[in-house]
Amino acid sequence: MVSDSCKKRFGKIMLEQMELLNQVEIAPNIFSMILKGQMVSQMQAGQFLHIRVPDDSKLLRRPISIAEIDRDSLTCRIIYRIEGGGTAIFSQLPVGSFLDVMGPQGNGFDLSPVRAGDHALIIGGGIGVPPLLEVAKELYAKGAQVTAVLGFSDKSAVILEAEMKKYAEVIVTTDNGSYGRKGYVSAVVDEFSQDYVAVYSCGAPAMLQYVDRKFQEHPHAYLSMESRMACGMGACYACVVHVAGQDESVNKRVCEDGPVFETGTIIV
Ligand SMILES: Cc1cc2nc3c(=O)[nH]c(=O)nc-3n(C[C@H](O)[C@H](O)[C@H](O)COP(=O)(O)OP(=O)(O)OC[C@H]3O[C@@H](n4cnc5c(N)ncnc54)[C@H](O)[C@@H]3O)c2cc1C
Ligand code: FES
């Protein structure tokens, strides 16, 4: 079952024109944007923004995770990789333009089990690392000890290592060994004997399957899922995942019930 704390909707979904304050390419084809708007005051780590592409031929909004939240300045950061036409258009938008944003959407990570002095584990892969940066920042602010194991395909794809190091002990792996430890995050995580109060993960499906299996019985282990989306607000059922132990007629919607789920609750 998804716990009440995970199911709780945080704040209202808003529709807003957010101002683009800054955009930089932080790795080949990976861009970081700073956006300003009122909806920042409602944001929680692990939620996402559903962003309209300023091109009338692209009707569906694009879901992008919130990577950092600064409620004082009403700014947030998103980090995205160019995958196709929509994200390519985002990457060309100049500073000062406005993006049509629906959000903050979805249920984020439950950080409440972690208290000062507790150990927490973050497991991230590739373009799944961005939402975990805000998780690390907020856990650090609570006085928790955070270990982050971050996996990338190769050295050129490594992002957010320095920023993550401000809040966590960071171990980077690359599939081909061009930077950090060679291999997958699972090899590093399997070496740990420490018990963690909570585990937070986001990344490619194979990585999430590993985390789901390994931390199946853990009371506070969380996966952030991706799926193709249309409405992004729970109405169209384009984004369903199946529930563990139930027949296929039982669904959860990634956009509305997720994107964060507890391990052992859905079929990854
Ligand atoms: C909850 C959530 C959070 C995400 N966070 C991030 C993030 O922080 N950074 C990042 O780079 N990417 C993220 N993604 C993936 C991102 O949404 C897609 O890369 C993006 O929509 C691709 O759009 P496109 O027009 O460039 O690609 P196209 O392939 O041209 O898109 C065609 C259609 O497919 C959809 N689509 C394509 N790939 C995906 C995908 N992987 N997930 C969902 N829909 C997809 C598009 O939204 C669009 O409707 C996230 C996806 C989800 C579901
Ligand atoms: S995208 Fe429509 S219900 Fe999730």
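Residues numbered from 1 in each chain as written. Chains lettered and ligands numbered in written order. Predicted model: local features only at pLDDT ≥ 70, side-chain atom pairs only at ≥ 80, totals over all residues. Heavy atoms only, no water.

Attention shifts here to the site of ligand 1. Around ligand 1, the structure places 20 residues, and the nearest of them are Pro63, Arg81, Gly86, Thr87 and Arg228. A distance of 2.8 Å separates an oxygen atom of ligand 1 from a polar atom in the backbone of Gly86. In isolation ligand 1 exposes 820 Å². Once the protein is present, 84% of that is buried. Only β4 (62-65), β6 (75-81) and α2 (85-92) provide two or more residues apiece to the shell around ligand 1. When residues of the shell around ligand 1 are assigned to their parent elements, the largest contribution, 4 residues, is made by β4. Looking at side-chain class alone, the shell around ligand 1 contains 8 nonpolar, 6 polar and 6 charged residues. (Near = heavy atom within 4 Å. Polar contact = N/O pair within 3.5 Å; in protein donor to acceptor, adjacent residues only side chain to side chain. Areas by Shrake-Rupley, 256 points an atom, 1.4 Å probe, with all protein chains shown as cover. Helix = DSSP H or I, 4+ residues; strand = E, 2+ residues; numbered from the N terminus. Nonpolar A, V, L, I, M, F, W, Y, C, P; charged D, E, K, R; others polar.)

Now for the pairing of strand β10 (residues 169-174). With 5 of its 6 residues buried, β10 lies for the most part within the structure. Across 6 bridges, strand β9 (residues 145-152) lies against β10 in parallel orientation. Bridged to Val149 within β10 is Ile171. Here β10 pairs with strand β11 (residues 181-182) via 2 bridges, running parallel. By the bridge assignment, Thr174 is partnered in β11 with Lys182. (Buried < 20%, exposed > 50% of the residue type's maximum accessible area, 1.4 Å probe, protein only. Pairing = 2+ DSSP bridges.)

Turning our eyes to something else, we now look at the packing of aromatic side chains. By the definition in use, this model includes 6 aromatic pairs. Ring plane angle 15 degrees and centroid distance 5.4 Å describe the contact between Tyr200 and Tyr222, whose orientation is recorded as stacked. Pair noted here: Tyr200 is in strand β12 (residues 198-202) and Tyr222 is in strand β13 (residues 221-224), with a separation of 22 residues, a long-range link. The pair Tyr200 / Tyr222 is uniform in exposure class, with both members buried. Through pairs of rings, three or more aromatic residues link up here, namely Phe31, Tyr80 and Phe90. (Phe/Tyr/Trp six-rings, centres within 6.5 Å; stacked < 30°, edge-to-face > 60°.)

So, on to the confidence of the model for the protein chain. On average, residues of the protein chain score 95 in pLDDT, and 96% of them reach the 70 mark or higher. Long-range and interchain partners of residues 1-8, a stretch whose pLDDT sits below 50, account for 15 contacts in this model, where long-range means more than four residues apart. (pLDDT = per-residue confidence, 0-100. Contact = heavy atoms within 4.5 Å.)

Tallied over the entire structure, the rule returns 11 salt bridges. Between Arg52 and Asp56 there is a salt bridge, with the nearest N and O atoms lying 2.7 Å from each other. Here Arg77 ties to Glu68 by a salt bridge, and the two come within 2.9 Å at their closest N and O atoms. Judged by its relative accessible area of 10%, Arg77 is buried. Residue classification places Glu68 among the buried positions, given a relative accessible area of 16%. Here the salt bridges do not stand alone but share partners, grouping Glu68, Arg77, Glu134, Lys137 and Glu163 into one network. (Salt bridge = Lys/Arg side-chain N within 4 Å of Asp/Glu carboxyl O.)

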